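# Architecture and fold: a report
In case you want the letters, here they are:
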Amino acid sequence: MLDFMVDRDACVQCGECVRVCVRGILVMANDGPQVVPGKEEHCIGCQQCLAVCQPGAVSVMGRDPAQSHPIRKAFPTPEAELTLIQGRRSVRYYKKDPVSPEDITTLLDAMFHAPTAANRRSGGFTVVDDPAVMESVRVASRTRVANLIKITGLPEDFAGYEAPFVGWSEEHDTVFRGAPHMVIATYHKDNHYGPVDGGISGLIDTMISLSYFELLAQTMGIGTVWCGLAKLVFNVLAPEMPKLMGIPDDQRIGYVMLFGKPDISYHRTVQRLPMPVNTVAML
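The present account deals with the structure reproduced in this document.

Before going further, it helps to spend a moment on the packing of helix α5 (residues 131-151) against helix α8 (residues 228-237). The relative placement of two packed helices comes down to the angle between their axes together with the axis-to-axis distance. Where α5 meets α8, the closest approach of the two axes is 11 Å, and the angle between their N-to-C directions is 60 degrees. As judged from the angle between their axes, α5 and α8 are oblique. With respect to the hand of their crossing, α5 and α8 are arranged in left-handed fashion. Counting all contacts with α5, which are made through V137, S141, V145 and L148, the residues of α8 involved are V233, F234 and L237. Partitioned by chemical class, the residues of the contact of α5 with α8 number 6 nonpolar, 1 polar and no charged.

What follows is the structure in structure tokens.
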């Protein structure tokens, strides 16, 4: 429900909310902004109008602007943000101690705020917050993969991936790396934006959400690793696992991220070489 409301006493009629409405459903009237009749259904729920209103006069979808965080001077400096980006590392050694439920809730909230194509938000997240449950996922996955290797061997197109799966054992967790937690970002099977998208929008949405998760985790002392091997297990080698974990049939796995308290410390950023950059000249 759109539920667009304006505090007429607080509104200064600057028109910024009208200007940022990506679907053009707002218009300025004599007493301030209002919804164009018949366009309510075009709202995508982005809340740009609420965010841009300096005096906090605009409410939409029942959201109270007073409950939003003010962002003036709250963002990190460019130097701090760059150090965070350059300093994040893939962590493959974890302590057995669990991450607190409060910290997991905070990390999930970061993913909820990641952008999605047309603000569809049709995906979801499956989180393993209990190390004991994570161990059961680990054992069930390892058992199924071992049986597959014993009966038929790995698929032919798995050349180069034999070592981590053949060497996967209780002592050497080459897939889940002993991580106490896992989050799986999924997208709806019909999530595509345009006739030639083919679901790429949904896949990109999951990547962005996990990037948000990862960068915030670094600031909280929590380690992460993008786990492509786990994705191969769930999508190819043991495809019954997603259903066992409660992932809905209409969701597709975008990517898997392991996380937990790191059992290793990094003390400086790395120094990457530049990648090719094409600068567009005047056409």
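This part covers the layout of surface pockets. Size it by volume and the largest pocket reaches roughly 2100 Å³. A51, H69, I71, F75 and H113 are the residues nearest the centre of the largest pocket, which is lined by 40 residues in total. Considering only enclosed or pocket space, the second largest pocket measures out at about 350 Å³ in volume. Around the second largest pocket, the lining is made up of 18 residues, and of these K96, E135, R138, D173 and G178 lie nearest the centre. Class assignment of the residues belonging to the lining of the second largest pocket gives a composition of 5 nonpolar, 4 polar and 9 charged.

Here the focus is the sheet that holds strand β7 (residues 223-226). Taken in spatial order, the 4 strands of this open sheet run β5-β6-β8-β7, and their pairing is antiparallel. Since the sheet does not close on itself, it has two edges, and those belong to β5 (124-128) and β7, each with one partner. Adjacent strand axes in the sheet meet at a mean angle of 25 degrees, parallel and antiparallel pairs treated alike. Note: β5 against strand β6 (residues 181-188), 5 bridges, orientation antiparallel. Within β6, the residue paired with G124 across the bridge is T186. Against the sheet, helix α7 (residues 200-219) makes contact with β5, β6, β7 and β8 (251-260), and its axis sits at roughly 10 degrees relative to β8, the strand it touches most. Sitting on the sheet, α8 touches β6, β7 and β8, and the angle it makes with β8 is about 140 degrees.

Cut-off values and rules
Residues numbered from 1 in each chain as written. Predicted model: local features only at pLDDT ≥ 70, side-chain atom pairs only at ≥ 80, totals over all residues. Heavy atoms only, no water. Axes fitted to C-alpha atoms, helices over the stretch in contact; angles between N-to-C directions. Helix = DSSP H or I, 4+ residues; strand = E, 2+ residues; numbered from the N terminus. Parallel < 35°, antiparallel > 145°, perpendicular 65-115°, else oblique. Left-handed = near helix turned anticlockwise from the far one by under 90°. Contact = heavy atoms within 4.5 Å. Nonpolar A, V, L, I, M, F, W, Y, C, P; charged D, E, K, R; others polar. 1 Å grid on protein atoms, 1.4 Å probe; cavity = no way out; pocket = protein on both sides within 12 Å on 5 of 7 lines; lining within 4 Å. Points joined across faces, edges and corners; volume = space filled by probe spheres on them. Pairing = 2+ DSSP bridges.

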